[in-house]
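A structural walkthrough
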Amino acid sequence: MADVSIRDLVVEYTSGGYVVRPIDGLDVQAGDGELVLLLGASGCGKTTLLSALAGILQPAAGTITVDGTSVTELSGTALTEYRRHQVGIVFQAFNLIPSLTAAENVALPLLATGAGRRASLERARLLLDQVDLADRVDHRPGDLSGGQQQRVAIARALALEPPLLLADEPTAHLDYIQVDGVIRLLRGLAREGRTIIVATHDDRLLPLADQVVELSPRQRESVEGRTVTMVDGDLLFREGDDGDLVYVVEHGHIELTRERADAAPEIVARITAGQYFGELAPMFGLRRSATARAVGPTTVRGCSPGEFRASMGRDAVNQLIADHSPVG
Amino acid sequence: MWLVSVRDLLWRKRRFLIAVVSASLVFSLTLVLDGLTAHIGNEVARVVDRYDADTWIVAPGESGPFTASTLLPASLAADVATLPGVEHAEAMIAGRDTIDGKWVNVLGYDDGGNVEKTPLTSGRMPVGPGEVVVEDILGHRLGDTIAVGGELFVVVGVAHGLAFNFGAPTVLMPVAEVQRVLLGGQPLIGAVAVTGTPTTIPPGVRSMTSAAVEADMHLGMDQSLQIVTILDGLLWVIAAAIIASMVYLSTLERIRDFAVMKAIGVSNRSLRLGLAASSLLLAVMAAIGGTILAFFLGPRFPMEIETPTSSYATLLAVAVVVGLVAGFIGLRKAVRVDPALAFGGS
């Protein structure tokens, strides 16, 4: 069994003195034998989520359970053992050790467990045979194509038969012929006893998935505009929320704040009647980078990105994007 | 994980070889300097031991028999020989001259004394005027003619191991010949080397032990030896720096590799052992290389190099320490690598 359960996961770090939460309250359930795609643009938290699943990154909150093991509670030797036996990782840049042959690279996880050299290399040759690289066992990574290196990396990730296989952008460095081979290989590997989670922004992988988890907020051009009336202190949107509407203040004030590394809010802008805010998140499919709260009785009008573009004109929108200070 | 370390060294074999050769050169120089320092101490002891003296009777003052400029009457040797407790008294005189553009020690010995029994590598001791024994490092053979104090002498014997004063070769001749060519025939000597323990000594002179004589000969060399010791220490630092920089640079280049290894479950202990092994291998190979190089470099020095066996053992031990210390810097870097670095593009 290789069930993966992610519950209310929050991963945060500080950047430029502010708190950043690439993953905030994520829930994912992956069953045994499933191939799950984590889909999203760069920076949406795909690799962060893989790191947390691999036990490399400690989340701020939430739980990750793999095959009954609560990964978020592991530490020290138990964590090393988890990384060795429960999870195999295929890295975006292959990350093979350049001084080792293909067989030695695949044997590395086995050697790390104290297995004998001969037995480890035998198993490595078997795995390389399974990924159609039987004739490349003694080649160094520099002598292999990108697709062949990726297959060696997959064989390495399978060396200890982990129930969970993580692949980070496995097609990022490959041409279309090599992509085909890697896709077939990953699909074939997802079977009983093994769950595969692939982080990618490559739409070509969609047909291969049993489940797709979208980590980027979708751009919603068709969202309906609305007018919101608030009293002092009312929250319009929170930092990290998906962005849907661009707002124009009709009456009152809006205060935009951002959470600092010490958890204290910092006022980054005060928007008055006639001014707009929060335009970048809905236009580019980003998360809100600040929290918007009413100061005193306030009315704001929310419009879709399309309406906003139409009302401003293309040149004006381009100019405001170029001049924009990153808030809202 | 030994496999990864060994493969990495082979992968970077050019750099590894350059580091080994560089550190070997430095290590060989430390061995040569050790040999030089040992030789300077040994040569003094060898010359003083040649007289097999328990006591030395010398002129008043602080200088010893090999450094004094104040001389004593030649008759003193016969007087000392009659003193109670004296088994044997032997006149000696030490002077300096220049032969073939080199400073040489001119050592006068007493007939029938211990120095006259000096073993020669070839030839015989002088039996008449105009004959001399020379140190082999002077480069003269039997039958050659050399000038001492403006007089010509025929080389009748060649000896080894009589050099002193920073390896200056020695010319041996009877005391009477030294008096003739360096003192204008005056019956003077430098000191009397005494076997036995005289209960009294003649007035106007003083006695020295052989240890005090050796210490006196070292006085002029202490500063030079200190410089050699400082240079020796600096060479150790340079060797450590070469090894450390090689290990550290390799570690920096392998940061992604270490992150990957940690991400796939290689323990910090394994990483530490692997890196320490690389560093140790580099240091030990450099120590072996240094030892081999020292054998070739030593004979090319203008002074005899007498590297003690203990220096080779010390070199190996220090190389191990240097290797571990040098490796420690890279090792700290490696174990602190965040495995999350393995994710992301190249």
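Residues numbered from 1 in each chain as written. Chains lettered and ligands numbered in written order. Predicted model: local features only at pLDDT ≥ 70, side-chain atom pairs only at ≥ 80, totals over all residues. Heavy atoms only, no water.

As for the sheet that holds strand E5 (residues 69–70) of chain A
Residue and element names in this part refer to chain A.
- Reading across from one edge, E2-E1-E4-E5 is the order of the four strands in this open sheet, with antiparallel pairing throughout. The outermost strands of the open sheet, each flanked by one partner alone, are strand E2 (18–30) and E5.
- Across two bridges, strand E4 (residues 61–66) lies against E5 in antiparallel orientation. In the strand pairing of E5, Thr 65 is matched with Ser 70.
- Its contacts with the sheet place helix H1 (residues 46–53) against strand E1 (4–15), E2 and E4, and it is angled at close to 115° to E1. (Pairing = 2+ DSSP bridges. Helix = DSSP H or I, 4+ residues; strand = E, 2+ residues; numbered from the N terminus. Contact = heavy atoms within 4.5 Å. Axes fitted to C-alpha atoms, helices over the stretch in contact; angles between N-to-C directions.)

Details of the packing of helix H2 (residues 13–50) of chain B against helix H8 (residues 268–297) of chain B
All names here are of chain B.
- Running from N to C, H2 and H8 point in directions that differ by 50°, and their axes come no closer than 6 Å. Classified by the angle between their axes, H2 and H8 sit oblique to one another. For the pair H2 and H8, the crossing hand works out as right-handed. Contacts from Phe 16, Ala 19, Val 20, Ala 23, Ser 24, Leu 25, Phe 27, Ser 28, Leu 29, Leu 31 and Val 32 of H2 reach H8 at Leu 282, Ala 283, Met 285, Ala 286, Ala 287, Gly 289, Gly 290, Thr 291, Leu 293, Ala 294 and Leu 297. (Parallel < 35°, antiparallel > 145°, perpendicular 65-115°, else oblique. Left-handed = near helix turned anticlockwise from the far one by under 90°.)

Remarks on the side chain of Arg 194 of chain A
Residues and elements named next belong to chain A.
- Among the secondary structure elements, Arg 194 is positioned in the loop between helix H6 (176–189) and strand E8 (195–200).
- At 4.5 Å, Glu 161 is the nearest oppositely charged side chain to Arg 194, a buried residue that forms no salt bridge.
- One polar contact links the side chain of Arg 194 to the main-chain carbonyl oxygen of Leu 189, over a distance of 3.0 Å.
- For Arg 194, the residues in contact, after removing those within four places along its chain, are Ala 2, Asp 32, Gly 33, Glu 34, Leu 158, Pro 162, Pro 163, Leu 165 and Leu 189. (Buried < 20%, exposed > 50% of the residue type's maximum accessible area, 1.4 Å probe, protein only. Lys, Arg positive; Asp, Glu negative; His and termini not counted. Salt bridge = Lys/Arg side-chain N within 4 Å of Asp/Glu carboxyl O. Polar contact = N/O pair within 3.5 Å; in protein donor to acceptor, adjacent residues only side chain to side chain.)

Details of the packing of helix H3 (residues 102–112) of chain A against helix H5 (residues 146–157) of chain A
Residue and element names in this part refer to chain A.
- Orientation of H3 relative to H5, taken along the N-to-C sense of each, is 30°, at an axis distance of 7 Å. By the criterion of interaxial angle, the relationship of H3 to H5 is roughly parallel. In the crossing of H3 with H5, the sense of the turn from one axis to the other is right-handed. Counting all contacts with H3, which are made through Ala 102, Asn 105, Val 106 and Pro 109, the residues of H5 involved are Val 152, Ala 155 and Arg 156.
- Across the contact of H3 with H5, the residue classes break down as five nonpolar, one polar and one charged. (Nonpolar A, V, L, I, M, F, W, Y, C, P; charged D, E, K, R; others polar.)

A short note on the interface of chain B and chain A
- Each partner contributes to the interface: chain B provides 24 residues, whereas chain A provides 28 residues.
- Counting each side, the surface lost to burial between chain B and chain A is near 2300 Å², with a carbon and sulfur contribution of 70%.
- Between the two partners, chain B and chain A, sit one salt bridge.
- For Glu 104 of chain A, the salt bridge identified is with Arg 7 of chain B, shortest N-O distance 2.5 Å.
- Where chain B packs against chain A, one counts five residue pairs in polar contact (both at pLDDT 80 or more).
- Of all elements in the fold, only helix H1 (2–11) and helix H7 (255–263) of chain B reach the threshold of two or more residues within the side of chain B that touches chain A.
- The element contributing the most residues to the side of chain B that touches chain A is H7 of chain B, with six residues. (Buried area = accessible area lost by both parts, 1.4 Å probe.)

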